[in-house]
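# Chains, contacts and geometry: an overview
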Amino acid sequence: MGIAEILLVLLGLMAIGMPVAFCLMMTSLIYIVLHGRIPLLLFTQRIAAGPDSFPLLAVPFFIFAGQVMNTSGITRRIFDFAKVLVGHIPGGLGHVNVVASIIFSGMSGAAVADAGGLGLVEIKAMRDAGYDDDFTVAITASSSIIGPIIPPSIPAVIYGATAGVSIGGLFIGGVIPGLLMGLALAVLVYVYALRKDYPRSPRPTFRKLLKAFSDALLPMLTPVIIIGGIWTGKFTPTESAAIAAVYAIILGLMVYRELTVRDLWRLLVESAGMTANAIIIVAGASLFGYILAREQAAPKLAAIILGVTKNRYGILLMINLFLLFVGTFMEPVSAMIILIPVFTPIIKMINVHPVHFGVMMILNLMIGLLTPPVGQVLYILSTVSGMPFERIARVTAIFILPHLVVLVLITLFPELVLFLPRVLFGIV
């Protein structure tokens, strides 16, 4: 059973609707049984070993922190501050949507948390203000994937843990690309606003701006605490996730008092379920990655790519196209764990920095959250907005273009990713 047959079995199981984690496990089990010389005990050993990683402990804490912020009034305060800050620009709440996602991304680290929590607030506000549903849902979907690029980032934790790359470097390396994504979306919103004459808020007074800022100040300190603590060496990226969760609880229970102990228990249960979904995918992908390594997938893929071109940028273009394709049908976490060992030898051959490649890979797979048939963000917004999945996928397509522009820029100009990690963390 070769690589082609393995992939055909995997795609076949996905096509019949089997959950991704079980597709990976079942494909691996079929391979082990048909191979005949691999002990079945390996199946359980690899599944148990996959999630056994200290950095992965950050995942449940960041998930829980995002859940707490969505329940304790923090997302509303962030949205109100963004509205006062940029609501008067042509495009009004479209710009607010983008800025709020950038701010919220410094706390949750997950596109799903942005789309499901902040997205609910954004869609209601834009509908009430008279924005059409197509534009409202499209900009909400597109802005939500900024979350895993700007620190903290759950995909960055997964990538760093799997590839053995500095998670702090990945965190800070996503800042400039994330801001560029926001800027590119703002330009598109501005163009739409001029064409369709969307409403905008009155220019705020200084007093109103100051009040909105003071209301949102404590939540906005979250990324400062996280990055500052990692940079000064006070705590690790994994510990920063726990600190973010505790900080969110303090804000919700003691400062804003919009969170109850009963809410806290419910959020713990929900976060445990979401964590279990992520970790079981990590376990399945770890096993499947072992199978690909045994079949020498990395050298074979490298030979294919180098047979087409030896040009550095040509190879990066091919990798980008491949990742964009994979993102259309595979969940980002499983895709990363499977493909990182495959691509690591290739990027070493062409002298691409692993932090640069990590941010590039994450952006590719985040774009996949906006593309059918998987498109997790599209499914969440379909539930939140009540619009059909197919319609959301169609109207969101044009809003993928700004992210593709940023992807091209960070591919061609690595310093957009590496400048801040080199300055702040001394990464060479």
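Residues numbered from 1 in each chain as written. Predicted model: local features only at pLDDT ≥ 70, side-chain atom pairs only at ≥ 80, totals over all residues. Heavy atoms only, no water.

## A short note on the layout of surface pockets
Convention followed: Both site types are read off a 1 Å grid over the protein atoms alone. A 1.4 Å probe that fits but cannot get out defines a cavity, while an open set with protein on both sides within 12 Å along at least five of seven lines defines a pocket; lining residues have an atom within 4 Å of a point. Grid points are joined across faces, edges and corners, and a volume is the space filled by probe spheres set on the points. Only DSSP runs of H or I covering at least 4 residues are called helices, and only runs of E covering at least 2 are called strands; the numbering of each starts at the N terminus. When residues are grouped by polarity, Ala, Val, Leu, Ile, Met, Phe, Trp, Tyr, Cys and Pro land in nonpolar, Asp, Glu, Lys and Arg in charged, and all others, Gly among them, in polar.
Here the second largest pocket is characterised by a volume of approximately 390 Å³. Taken together, 18 residues make up the lining of the second largest pocket; nearest its centre are Ile 3, Leu 7, Leu 292, Phe 322 and Leu 339. Those elements that place two or more of their residues in the lining of the second largest pocket are helix H1 (3-15), helix H14 (261-294), helix H15 (297-308), helix H16 (312-327) and helix H17 (332-349). Considering only residue class, the lining of the second largest pocket consists of 17 nonpolar, no polar and one charged.

## Quick look at helix H12 (residues 206-232)
Here is the rule we go by: One axis fitted to the seven residues ending at a residue, another fitted to the seven starting there: the angle between these axes is the bend at that residue. Buried, partly exposed and exposed residues are distinguished by accessible area as a fraction of the type maximum, computed with a 1.4 Å probe on protein chains only: under 20%, between the cut-offs, and over 50%, respectively.
Where H12 bends most, the angle comes to about 55 degrees, and this point is Leu 217, followed within four residues by the proline Pro 219. By the burial criterion, the buried members of H12 are Ala 212, Ala 216, Pro 219, Met 220, Thr 222, Ile 226, Ile 227, Gly 229 and Ile 230. Just beyond H12, the residue with positive phi is Gly 233, at close to 80 degrees.

## A look at empty space enclosed by the protein
Applying the stated rule across the entire model yields one cavity of 30 Å³ or more. The calculated volume of the largest cavity comes to roughly 50 Å³. What lines the largest cavity is simply Pro 148, Ile 149, Ser 153, Ala 156, Leu 170, Phe 171, Gly 174, Val 359 and Ile 362. If you list the elements that add at least two residues to the lining of the largest cavity, you get helix H10 (167-173) and helix H18 (354-367).

## Examining the packing of helix H5 (residues 74-86) against H12
Definition in use: To define axes, lines are fitted to C-alpha atoms, for helices over the stretch in contact only, and angles between the resulting N-to-C directions are given on a 0 to 180 degree scale. Helix crossings get a hand from a simple test, with the near helix turned counterclockwise from the far one by less than a right angle marking a left-handed crossing and a clockwise turn marking a right-handed one. Contact definition: two residues touch when any of their heavy atoms are within 4.5 Å.
At their nearest, the axes of H5 and H12 sit 9 Å apart, and the two run at 140 degrees to each other. Two packed elements cross with a definite hand, and for H5 against H12 that hand is left-handed. Every residue of H12 that contacts H5 at Ile 74, Arg 77, Asp 80, Phe 81, Val 84 and Leu 85 is listed here: Lys 208, Leu 209, Ala 212, Phe 213, Asp 215, Ala 216, Pro 219 and Met 220. A breakdown of the residues in the contact of H5 with H12 according to their chemical character gives ten nonpolar, no polar and four charged.

## A look at the packing of H12 against helix H13 (residues 237-255)
Note the cut-off: Roughly parallel here means an angle under 35 degrees, roughly antiparallel means over 145, roughly perpendicular means 65 to 115, and every remaining angle is called oblique.
Close contact between H12 and H13 brings their axes to 10 Å; oriented N to C, the two are set at 155 degrees. Of the possible angle classes, the one that applies to H12 and H13 is roughly antiparallel. Relative to H13, the crossing made by H12 is right-handed. Side by side, H12 and H13 meet where Leu 218, Pro 219, Leu 221, Thr 222, Ile 225, Ile 226 and Ile 230 of the first sit next to Pro 237, Ser 240, Ile 243, Ala 244, Tyr 247, Leu 251 and Val 255 of the second.

## Digging into the confidence of the model for the protein chain
Going by this rule: What pLDDT conveys is the predictor's confidence in a given residue, as a value from 0 to 100.
Residues with a pLDDT of 70 or more make up 97% of the protein chain, whose mean pLDDT is 85. In the model of the protein chain, helix H7 (residues 111-128) stands out as the element of lowest mean pLDDT, 75, in contrast to helix H21 (residues 401-412), which has the highest, 96.

## Concerning the packing of aromatic side chains
Under the convention used in this document: Think of it this way: a Phe, Tyr or Trp ring, Trp meaning its six-membered ring, pairs with another when their centres are within 6.5 Å, and the plane angle makes it stacked under 30 degrees, edge-to-face over 60, tilted otherwise. Charge-over-ring contacts are defined here by two conditions on Lys NZ or Arg CZ: a distance within 6 Å of the ring centre and an angle within 35 degrees of the ring normal.
Evaluation of the coordinates by the stated rule reveals eleven aromatic pairs. Seen from their ring centres, Phe 322 and Phe 343 are 5.8 Å apart, and the 75 degrees between their planes marks the pair as edge-to-face. Here Phe 322 is found in helix H16, whereas its partner Phe 343 is found in helix H17, with 21 residues between them in sequence. Through a chain of ring-to-ring contacts, the aromatic side chains of Tyr 131, Phe 135, Tyr 192, Tyr 198 and Phe 399 assemble into a single cluster. Its end group placed over the ring of Tyr 256, Arg 77 keeps NZ or CZ at 3.7 Å from the ring centre. Sitting above the plane of the Tyr 313 ring, Arg 312 keeps its charged end 5.5 Å from the centroid.

## What about the side chain of His 353?
Applied cut-off: Between N or O atoms, a polar contact is any pair within 3.5 Å; within protein, one atom must be a potential hydrogen donor and the other a potential acceptor, and residues adjacent in sequence are included only when both atoms are from side chains.
Mapping His 353 onto the fold places it in the loop between H17 and H18. In this structure the side chain of His 353 is engaged in a polar contact, spanning 3.1 Å, whose partner is the backbone nitrogen of Val 355.

## Here we look at unusual backbone geometry
In the segment running from Pro 151 into Pro 152, the intervening peptide bond is cis, with an omega of -5 degrees. Within the secondary structure, Pro 152 sits in the loop between helix H8 (133-144) and helix H9 (154-163). Phi is positive for Arg 257, close to 55 degrees, though the residue is something other than glycine. Among the structural elements, Arg 257 can be located in the loop between H13 and H14. Of note in the backbone geometry, Asn 351 takes a positive phi value of approximately 60 degrees without being a glycine. Assignment of secondary structure puts Asn 351 in the loop between H17 and H18. Residue class for Asn 351 comes out exposed when judged on its relative accessible area of 65%.

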